[in-house]
Amino acid sequence: MCLAVPGKVLDIEERDGTRMATVDFGGVVKEVCLEYVPDLQVGEYAIVHVGFALQRLDEDSARQTLALFEELGLLQEEFGDPWEAAAAEAGAAPATVGGDTAREARK
């Protein structure tokens, strides 16, 4: 499933003529293109789909949506486990606790 997820803009920079932002999606941080919402500022929230900010969103709506997505497990489904992703990028096996992966141990 591919969701449009609200995120908070942490910083903005221009790269090769394109406005890009670092955006926090409830603890998962990703790079996002701001070309569709060129007046978006640091500290504001936007709805992001496949790496593009599509629309500004007020903070209350963004927080409520992120909380609901988290409760339903949709953030995990969309972004995966950030610890396992970091381990995979580093070429390591997922961390285990008593034979379970770290994610299974947290459940």
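Quick caveat, the model's predicted, so the values are computed rather than measured.

A. Representation of the confidence of the model for the chain in the model. Here the chain averages 79 in pLDDT, and 67% of its residues register 70 or above. Confidence over residues 94-98 falls short of pLDDT 50; this stretch has 8 contacts with residues more than four positions distant or in other chains.

B. Spotlight on the pattern of salt bridges. The tally for this structure, following the rule as stated, stands at 5 salt bridges. The partner of Arg15 in a salt bridge is Glu13, and the shortest N-O contact between them spans 2.7 Å. By relative accessible area, Glu13 is classed as partly exposed at 39%. Across the salt bridge formed by Glu59 and Arg63, the nearest N and O atoms sit 2.8 Å from each other. One end of the pair is Glu59 and the other is Arg63, both in helix 1 (residues 59-72) and 4 residues apart, which spans about a single turn. On the basis of relative accessible area, Arg63 is assigned to the partly exposed category, the value being 48%. Connected through salt bridges with shared partners, the residues Glu13, Arg15 and Glu31 form a single ionic network.

C. Fine view of unusual backbone geometry. With a phi angle near 50°, Asp16 is a residue other than glycine that sits in the positive phi range. Assignment of secondary structure puts Asp16 in the loop between strand 1 (5-15) and strand 2 (18-25). The phi torsion at Val50 lies on the positive side, around 45°, for a residue other than glycine. Its location among the elements puts Val50 in the loop between strand 4 (45-49) and strand 5 (52-57). In this structure Val50 comes out as exposed when scored by relative accessible area, which is 54%.

How each quantity is defined
Residues numbered from 1 in each chain as written. Predicted model: local features only at pLDDT ≥ 70, side-chain atom pairs only at ≥ 80, totals over all residues. Heavy atoms only, no water. pLDDT = per-residue confidence, 0-100. Contact = heavy atoms within 4.5 Å. Salt bridge = Lys/Arg side-chain N within 4 Å of Asp/Glu carboxyl O. Buried < 20%, exposed > 50% of the residue type's maximum accessible area, 1.4 Å probe, protein only. Helix = DSSP H or I, 4+ residues; strand = E, 2+ residues; numbered from the N terminus.

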